[in-house]
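# Survey of secondary and tertiary structure
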Amino acid sequence: MAEQGKEKRQLAVALPPEGDADGYERETWSNKLDFLLACIGFSVGLGNVWRFPYLCYKNGGGAFLLPYFLCVFIGGIPVFFMEVSLGQFMGRGGLKTWNIVPLFKGIGITVCIIVFLLNCYYNVILCWAFYYMFNSFQAELPWRYCGHEWNTIWCNDDFGSNVTLNDTLAKNNLTFNPMEVYKFSDPVTEFWELKTLAISDGIDEVGTIKWDLALCLLFAWIVVYLCICKGIKSSGKVMYVTATSPYIFMLILLIRNSLLDGAYDGVIFYLKPDLERLKDTRVWVDAGTQIFFSYSLSLGTLNALGSYNKFNHNSYRDAILFSLANSGTSFFAGFIVFTILGYMAKIQGVPISEVAESGPGLAFIAYPKAVSQMPVAPLWSILFFLMVILLGLDSQFVGVEGVVTAVVDQYPDFLRKGYRKEMFIGFICVLNFFVGLSMVTNGGMYVFQLFDYYSGSRIILLVAFFELIAVAYCYGVNRLYDNIEMMLGRRIWPYMKICWLFFSPLFCIVIFILSAINYSELEYERPRNTYVYPDWAVGIGWAMACASVIFIPLTAFYTFIKYGFTMEVLRLSIRPYGLKDHQKRIQDINERTLEDLEKENNRGVQYDNGQVNLGFEKTKGTYPEPHFTQL
């Protein structure tokens, strides 16, 4: 150990400072467990519960685990560790993280926009969960039977009945019209569509705001603000509850579900391998995209979380523990989902494939339908939606923290004074709330699907590819390995280096290309029909997707405009900007950077002339109020 410490001191120019290198009062995690829980809390969320089990059954059951875990090892763990390490080494989030390769500083803007858009719609899911949980505090669940004011004449709450079309028409004095499509529905679906969403016929029929949902959305944002207003000092402690308690509820629900008739059939359906499915490229695309969604890669939040670590924190160990917790939770959640789906298929007398759902359809239709058939149904409903809320809350905490960290680190002199940071967090929450109001209207579900499908999705694979190229090939994978040794005090296994150079970039670009080949226009599957989005809505979706990633080439182009279109600028723009002594190796002492070029040419961008400072330099003096459009 002494020898390791000696090597560490010889590798770096100086030891890391006790506080922030720039003199700002920047928070750090109070203990080592806070960081790991924050990562688990953010990444282990609703996707693990309602997306992974469905993908597993859809793509060959147990056979899907082969491409899934292969993607974990060549994509998930290496990219996760790289993003955390960058944040920890630079000690900053957002744009400042990418001072490590100034040419790719636009990645910081891109991920900030992506996570902001994600925050806008993610809390709407919590709004729905709060709405269902509040409605569960009744002696009888309101979606158990028909006969409510929102139910139609086609509502049928008896799965075993032989009610016919003619019976219903005669009962309601209606005449059969061969031009109309008649279809029975259940009370759970009608509660979701007609009571909760009051859904319109399309995105062009926005309708009015549903004020009961708007209040639930407001309540969700108030909870988020109260938990993160003091930064990681408050959210870090809250995550001890929100990151761990869902496992207690999941275990309780699994025990209860396992005692239901048909539970064993559901488990067999979930795990039975179909090796023939591995020949389908869509199986591999689903495995790759699931890793990126569940590991929260290319969103900038892992940079932000890592930036709050102490310089010598062992994030290598945490990356391994995190992957075990994340993938293990996904696998475990499958048993909870398919035991209940097996029970539901049994009581309805239909194959499990007909009741299997993913996404909101699982949380707000399939599961409530099954719970309503249980004894003491309100209790199990409350436990389920409380679990959903806790899974989603800590993901929302860190999502907002990722945006806040990016902006605060960009303008520390202005936002790290008094209560300005708390006020800025409030501003972000209010802004997200008002955007989210568009998703609690009659046409809100169509807006929600548009955000979900286009704002992140395939784009994060492309962002991860640029991250890997920037770090492994421009900054230098050997230099990053030296930096990690400076932080950890030891050399890590070369597995990460091989992945960053070859396997991970290849993984990202191949999955991106395959997903682009398999791309289909957005549709929304409703119980009675399939809604096809109009061209103008699809255009808005692609505009959201491009609005983030376009900043990668734009910022690179701005670098050359600012410093000149020369080979020297190209060489300097792939060298780190503004490193402190403890971040430099001995051989980096006399390294020439863009910072030196600025001093020589005396052409640095100033705040008082109205021009934009993208963070390439730190200007002394008082910072005026920033324009957030510059981000």
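In this text, all values refer to a predicted model and were calculated from it rather than measured experimentally.

### So, the overall build of the protein
Along the backbone of the protein there are 26 helices and 2 strands. By the burial criterion, 60% of the 631 residues in the protein qualify as buried. Here the contacts in the protein between residues at least 6 apart in sequence split such that 82% fall between residues at least 24 apart. Summing over all exposed atoms, the protein offers an accessible surface of approximately 25,800 Å²; the carbon and sulfur share of this is 62%.

### A short note on unusual backbone geometry
The phi torsion at Ser-296 lies on the positive side, around 55°, for a residue other than glycine. Looking at where Ser-296 falls in the secondary structure, it is placed in the loop between helix H13 (281–295) and helix H14 (301–307). Judged by its relative accessible area of 4%, Ser-296 falls in the buried class.

### Quick word on a nonpolar patch on the surface
A cluster of nonpolar residues, Leu-215, Leu-218, Ile-222 and Leu-226, forms a patch on the protein surface that exposes about 380 Å² of accessible area. Tracing the chain through its elements places Leu-218 in helix H9 (residues 211–228). The class for Leu-218 is partly exposed, based on a relative accessible area of 35%.

### Details of the packing of aromatic side chains
For the structure on display, the rule yields 53 aromatic pairs. When the ring centre of Phe-414 is taken as origin, the NZ or CZ atom of Arg-420, which lies over that ring, is 4.6 Å away. Lys-497 extends its terminal NZ or CZ atom over the ring of Tyr-481, reaching a point 5.0 Å from the ring centre.

### Some remarks on the nonpolar core
Counting residues in each nonpolar core, the largest one holds 206 residues, and the members touching the most others are Trp-128, Phe-364, Trp-500 and Tyr-533. The biggest single contributor to this core is helix H6 (residues 106–135), with 21 residues.

### Thoughts on the pattern of salt bridges
All told, the structure shown has 20 salt bridges when counted by the stated rule. We note a salt bridge from Lys-230 to Glu-422, for which the minimum N-O separation is 3.5 Å. Taken together, the residues Lys-230 in the loop between H9 and helix H10 (232–242) and Glu-422 in helix H19 (residues 420–436) connect sequence positions 192 residues apart. Residue classification places Lys-230 among the partly exposed residues on the basis of a relative accessible area of 44%. Between Asp-280 and Arg-277 there is a salt bridge; the shortest N-O distance is 3.1 Å.

### A look at the state of the cysteines
Inspection of every chain in the model, using the stated rule, returns 1 disulfide. At a sulfur-sulfur separation of 1.9 Å, the disulfide partner of Cys-146 is Cys-155. Between Cys-146 and Cys-155, the S-S torsion sits near -80°, and that sign places the bridge as left-handed. According to the relative accessible area criterion, Cys-155 is buried, its value standing at 14%.

### Considering the environment of Phe-104
Counting through the fold element by element, Phe-104 comes out in the loop between helix H5 (65–90) and H6. For Phe-104 and Phe-551, which are 447 residues apart along the polypeptide, the C-alpha to C-alpha distance reads 9.3 Å. Not counting the four nearest positions on each side in its chain, Phe-104 is found in contact with Trp-98, Phe-466, Ala-470, Cys-474 and Ile-552.

### Let's talk about helix H12 (residues 263–271)
Every buried residue belonging to H12 is among Ala-263, Gly-266, Val-267 and Tyr-270, and all of these are buried. Along the axis of H12, the buried residues cluster in a sector spanning 100°; they form a single face. Turning to H12, the residues buried within the fold contact helix H4 (52–58), helix H11 (245–258) and helix H15 (315–348).

### Let's talk about a negative patch on the surface
On the surface, Glu-521, Glu-523, Glu-525 and Asp-535 cluster together to form a negatively charged patch. A residue is classified by how much of its surface remains accessible, and Glu-523, at 43% relative accessible area, is partly exposed.

### What about the packing of helix H2 (residues 32–43) against H15?
The N-to-C vectors of H2 and H15 enclose an angle of 35°; their axes lie 10 Å apart at closest approach. Read as a crossing pair, H2 and H15 show a hand that is right-handed. On H15, the residues touching Lys-32, Phe-35, Leu-36, Cys-39, Ile-40 and Ser-43 of H2 are Arg-317, Asp-318, Leu-321, Phe-322, Ala-325 and Asn-326. A per-class count over the contact of H2 with H15 returns 7 nonpolar, 2 polar and 3 charged.

### Things to note about the side chain of Ser-504
Mapped onto the elements of the fold, Ser-504 is located in helix H22 (residues 495–517). Aside from chain neighbours lying at most four places away, what touches Ser-504 is Ile-74, Gly-75, Pro-78, Val-79, Leu-468 and Cys-499.

### Quick look at the side chain of Ser-43
Tracing the chain through its elements places Ser-43 in helix H2. A polar contact of 3.5 Å, which involves the side chain of Ser-43, links it to the backbone oxygen of Tyr-295. Not counting residues within four places of it along the chain, the set of residues in contact with Ser-43 comprises Asn-48, Ser-294, Tyr-295, Ser-296, Phe-322 and Asn-326.

### What about the packing of H6 against helix H17 (residues 377–410)?
For the pair H6 and H17, interaxial distance at closest approach is 9 Å and the crossing angle is 155°. When the interaxial angle is binned, H6 and H17 end up roughly antiparallel. Seen from above, H6 lies across H17 with left-handed handedness. Residues of the contact of H6 with H17, tallied by class, amount to 19 nonpolar, 6 polar and no charged.

### Thoughts on the environment of Asp-261
Within the element layout of this structure, Asp-261 appears in the loop between H11 and H12. As for Asp-261 and Met-344, which are separated by 83 residues in sequence, their C-alpha atoms are 8.9 Å apart. Each residue touching Asp-261, except ones within four places of it in the same chain, is listed here: Gly-342, Tyr-343 and Lys-346.

The rules behind each value
- Residue indices begin from 1 for each chain and proceed along its sequence in written order.
- With the structure being a predicted model, the display of local features is reserved for residues of pLDDT at least 70 and the display and counting of side-chain atom pairs for 80 or more, all residues being used for whole-chain, interface and lining totals.
- Note that the side-chain values use all heavy atoms of the structure and ignore hydrogens as well as water.
- For helices the rule is a DSSP run of H or I covering at least 4 residues; for strands it is a run of E covering at least 2, with both sets numbered from the N terminus onward.
- Residue burial is assigned from relative accessible area. The probe radius is 1.4 Å, only protein chains are included, and a residue is buried under 20% of its type maximum, exposed over 50%, and partly exposed in between.
- Should any heavy atoms of two residues lie within 4.5 Å, those residues are counted as being in contact.
- The Shrake-Rupley method, run with a 1.4 Å probe sphere, supplies the accessible areas, and residue values consider only the shown protein chains as cover.
- Every patch collects residues that have over 30% relative accessible area and no salt bridge, joining them within 9 Å if they carry like charges and within 5 Å if they are nonpolar side chains (Val, Leu, Ile, Met, Phe, Trp, Tyr).
- One speaks of a salt bridge when a side-chain nitrogen belonging to Lys or Arg is within 4 Å of a carboxyl oxygen belonging to Asp or Glu.
- Classification of ring pairs uses Phe, Tyr and Trp, with its six-membered ring standing for Trp, and accepts pairs whose centres are within 6.5 Å; under 30 degrees between planes counts as stacked, over 60 as edge-to-face, and the remaining range as tilted.
- Only when the NZ of Lys or the CZ of Arg is both within 6 Å of the ring centre and within 35 degrees of the ring normal is a charge said to sit over the ring.
- Throughout, nonpolar core names a set of buried Ala, Val, Leu, Ile, Met, Phe, Trp, Tyr and Cys residues whose side chains join them through atoms within 4.5 Å.
- In this description, a disulfide is simply a cysteine sulfur pair whose atoms lie within 2.5 Å.
- To be clear, the arc concerns the directions from the helix axis to the C-beta atoms.
- Charge assignment: positive for Lys and Arg, negative for Asp and Glu; neither His nor the chain ends contribute.
- Each charge is placed at NZ for Lys, CZ for Arg, CG for Asp and CD for Glu.
- Angles shown run from 0 to 180 degrees and are taken between the N-to-C directions of axes, each axis being a line fitted to C-alpha atoms and, for helices, limited to the stretch in contact.
- In this scheme the crossing of two helices becomes right-handed for a clockwise turn of the near helix relative to the far one and left-handed for an anticlockwise turn of less than a right angle.
- When residue character is reported, Ala, Val, Leu, Ile, Met, Phe, Trp, Tyr, Cys and Pro are called nonpolar, Asp, Glu, Lys and Arg charged, and the others, Gly included, polar.
- Two N or O atoms form a polar contact when they lie within 3.5 Å of each other; inside protein one atom must be a possible hydrogen donor and the other a possible acceptor, and for residues adjacent in sequence the pair counts only when both atoms belong to side chains.
- Any angle from 65 to 115 degrees is called roughly perpendicular, while one under 35 is roughly parallel, one over 145 is roughly antiparallel, and all others are oblique.

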